[in-house]
Amino acid sequence: MTPRSTVTSEPDSSVSLTAGAGTIQPGPDVSTSNWLYDEQFPGPELRVQEGDVLSVELTNDLEAETTIHWHGVPVPNPVDGVPGVTQEPIAPGETFEYRFRAEPAGTYFYHSHVGLQLDRGLLGPLIVEERDPHVEYDREYVVVLDDYLPDEPQLPSDGGRGGGGMGGGMGGGGMMGDVRPPYDGLLINGRLPEDPQTFGVTEGERIRFRFVNAGSATVFGVRIAGHEMTVTHADGRPVDPVDVDSFAFGAGERYDVVVEATNPGRWFVQADALDGNEPPARAVVEYEGTDGTNTPQVPSSPGDQLQYSDLQAISSLDGVSGSPDRTFDLTLSRGGGQSYTWTIDGQTYPDADPLRIRPGEHVRIRMTNQSPVVHPMHLHGHFFQVGNAVKDTVMVPGHRGQVTLDFHADNPGRWLFHCHNLYHLDAGMARIVKYVE
Ligand code: C2O
Ligand code: CU
């Protein structure tokens, strides 16, 4: 693999996006003002062919600076969208062009990388279609999961150890050691469970669902009532198909599954917050010819749940076999002071040392989580190997959970490595991975 250089060739696909204030209606009687791309929520689906050059002109109609990050795509460093690291933030009224080759194929998403803007609605799916999928399917649906915050996001003001904090207390349900933002519900494709989207299917079809966890602070557990799911891609990378009843994924992770439509009726696609107590996000799988007034069936038990160890990448990563050239041992933990902070090895980004690597190295990062909550850790600009899977985001479980990832330093630049819980990121749980000569 050669380093990705800045793409100057003519785009195969050109898109303009405007970030601005807008109104969303996630439920029948609910409407709130948010910050959106093109006044849509989620933002417009961008869909290109593998290898196409994509140009996105972003116009900033917000009253704040912004950027876009192409989550998971190993883009050239200057278009990675991290303010103050890979670009100057885009000022209100300005336009910035992101141009890159869309590869490899996969299910991705794009989002603002400024402050807490992701939790205001600045997100959308990016689908890079493969020329030659390793699984067959007849139709597909993109399923964007999100946690719904009606108000302006804020870090807990009192250190987040109790009471007040993010506007009123603990979200309960396993969030000890942290405060859950005051979410008003959980969304599938921008809709609350009171107003679920319907996915039409025909008996006998194979349906590909592309699940994106675009939430800011939620681990979702996903099931489809009445159906087994065959997981075919993890973070966009093809895996040997594995049959499960459910999977859990953290903020920033994606799974593609194929479902065989062999069980006519109306069935809920359901996503529970494993770290919150909001009612589950829902959509409906509806077979053609079914009476649309029947109440959809809910999933029963979680059944067989996907484990990372079930994932076997179809093509493993180059450059990460044998022993690493460089290893980082990093502890993930809660900061000790009065303010709300999260740390990597005791340091709070941006007051944190870069992780220095050299081009061509096989780099290993070993993480130990000394806090009670999950941290979905995401590396920009690279895929990594974790077990036999190839991913770009991986959950490190709480209570001394350990995860080791390996990557090949094949994309020079300065790349963020961070927790994709947006509040943890904003409170310091990040480092720069910096190429040095
Ligand atoms: Cu979705 Cu820094 O990333
Ligand atoms: Cu975290």
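In the block above lies the structure referred to throughout.
Just so it is clear, the structure is predicted and the values come from calculations on it, not from any experiment. (Residues numbered from 1 in each chain as written. Chains lettered and ligands numbered in written order. Predicted model: local features only at pLDDT ≥ 70, side-chain atom pairs only at ≥ 80, totals over all residues. Heavy atoms only, no water.)

Per the secondary structure count, the chain includes one helix and 30 strands. The globule rule puts the C-alpha radius of gyration for 437 residues at 22 Å, and the 21 Å found for the chain is close to it. Counting the 437 residues in the chain, one finds 59% classified as buried. Summarising the internal contacts of the chain: among those between residues at least 6 apart in sequence, 76% fall at separations of at least 24. Carbon together with sulfur atoms contributes 42% to the accessible area of the chain, which is approximately 16,600 Å² in total. (Helix = DSSP H or I, 4+ residues; strand = E, 2+ residues; numbered from the N terminus. Rg over C-alpha atoms; globule rule 2.2 N^0.38 Å. Buried < 20%, exposed > 50% of the residue type's maximum accessible area, 1.4 Å probe, protein only. Contact = heavy atoms within 4.5 Å. Areas by Shrake-Rupley, 256 points an atom, 1.4 Å probe, with all protein chains shown as cover.)

Next up on the list: the pairing of strand β2 (residues 30-37). In the sheet, strand β1 (residues 13-27) pairs with β2 via seven bridges, with the strands oriented antiparallel. When the sheet's bridge partners are listed, G20 is paired in β2 with L36. (Pairing = 2+ DSSP bridges.)

Inspection of the secondary structure assignment puts Q385 in strand β25 (residues 384-386). Judged by relative accessible area, Q385 falls into the buried class, the value being 13%. Looking at Q385, its side chain comes within polar contact range of the main-chain nitrogen of L317, at 3.2 Å. In contact with Q385, other than residues within four places in its own chain, are S316, L317, V320, V390, T404, L405 and D406. (Polar contact = N/O pair within 3.5 Å; in protein donor to acceptor, adjacent residues only side chain to side chain.)

Turning our attention to the pattern of salt bridges. Taken as a whole, this structure holds 24 salt bridges when the rule is applied. Between R210 and E140 there is a salt bridge; the shortest N-O distance is 2.8 Å. Residue R210 is located in strand β12 (residues 206-213), and its partner E140 is located in strand β9 (residues 139-147); the two are separated by 70 residues in the primary sequence. By relative accessible area, R210 is classed as buried at 0%. The salt bridge partner of E253 is K391, with a shortest N-O separation of 2.7 Å. Highlighted residues: E253 in the loop between β16 (246-249) and β17 (254-260) and K391 in strand β26 (residues 389-391), separated in sequence by 138 residues. The burial state of E253 is the same as that of K391; both residues are buried. Salt bridges sharing partners connect three or more residues here, namely E45, R47, E129, E130, E140, R208, R210 and D256. (Salt bridge = Lys/Arg side-chain N within 4 Å of Asp/Glu carboxyl O.)

Spatially, the six strands line up as an open sheet ordered β10-β9-β12-β17-β14-β15, and their pairing is mixed. Pairing within the sheet leaves two strands with one partner each, and these edge strands are β10 (186-188) and β15 (237-244). The mean inter-strand angle of the sheet, taken between neighbouring strand axes irrespective of direction, is 25 degrees. Two strands pair when backbone bridges link them, and strand β14 (residues 229-234) and β15 are joined in this way by five bridges, in the antiparallel orientation. Bridge pairing in β15 places M229 opposite V244. (Axes fitted to C-alpha atoms, helices over the stretch in contact; angles between N-to-C directions.)

This brings us to unusual backbone geometry. At the junction of E103 and P104, the peptide bond is cis and its omega measures out at -5 degrees in the coordinates. The residue after Y349, namely P350, is reached through a cis peptide bond having omega 10 degrees. Among the secondary structure elements, P350 is positioned in the loop between β21 (342-344) and β22 (355-357).

A few words now on the pairing of strand β27 (residues 393-396). Every second residue of β27 is oriented toward a common face, with T393 and M395 on one face and V394 and V396 on the other, all of them buried. The sheet contact formed by strand β24 (residues 375-379) and β27 spans four bridges and is antiparallel. Bridge pairing links M377 to V394 in β27.

Turning next to the sheet that holds strand β19 (residues 281-287). Ordered in space as β11-β19-β18-β13-β16, the five strands form an open sheet in which the pairing is mixed. At either margin of the open sheet sits one strand with a lone partner, and together these are β11 (198-201) and β16. When the angles between neighbouring strand axes are averaged without regard to direction, this sheet yields 20 degrees. Sheet topology note: the strand β13 (residues 220-224)/β16 ladder contains four bridges and is antiparallel. Note that in β16 the partner of V222 across the bridge is F247.

With that out of the way, let us pick up the nonpolar core. Ranked by internal contacts, the top residues of the largest apolar core, which has 92 residues, are F209, F211, M367 and F417. Counting residues per element, this core draws most heavily on β9, which supplies five residues. Setting aside chain neighbours within four positions, we find M367 in contact with L330, L332, M377, V394, V396, G401, Q402, V403, L405 and F417. Counting 28 residues, the second largest nonpolar core, distinct from the first, contains L54, V56, V73 and Y110. (Core = buried A, V, L, I, M, F, W, Y, C linked by side-chain atoms within 4.5 Å.)

Examined against the element boundaries, V128 turns out to sit in strand β8 (residues 123-129). As for V128 and Q49, which are separated by 79 residues in sequence, their C-alpha atoms are 5.4 Å apart. In this structure, V128 is in contact with V48, Q49, E50, A102, P104, A105, G106 and Y108, ignoring residues within four places of it in sequence.

Another aspect to go through is the packing of aromatic side chains. In total, this model carries 14 aromatic pairs according to the counting rule given. Every member of this aromatic cluster is reached through a ring pair, and the members are Y141, F199, F209, F211, F247, F249 and Y255. The ring of W35 carries R120 above its face, with NZ or CZ at 3.7 Å from the centroid. Over the aromatic face of F268 sits the side chain of R282, whose NZ or CZ is 4.2 Å from the ring centroid. (Phe/Tyr/Trp six-rings, centres within 6.5 Å; stacked < 30°, edge-to-face > 60°. Lys NZ or Arg CZ within 6 Å of the ring centre and 35° of its normal.)

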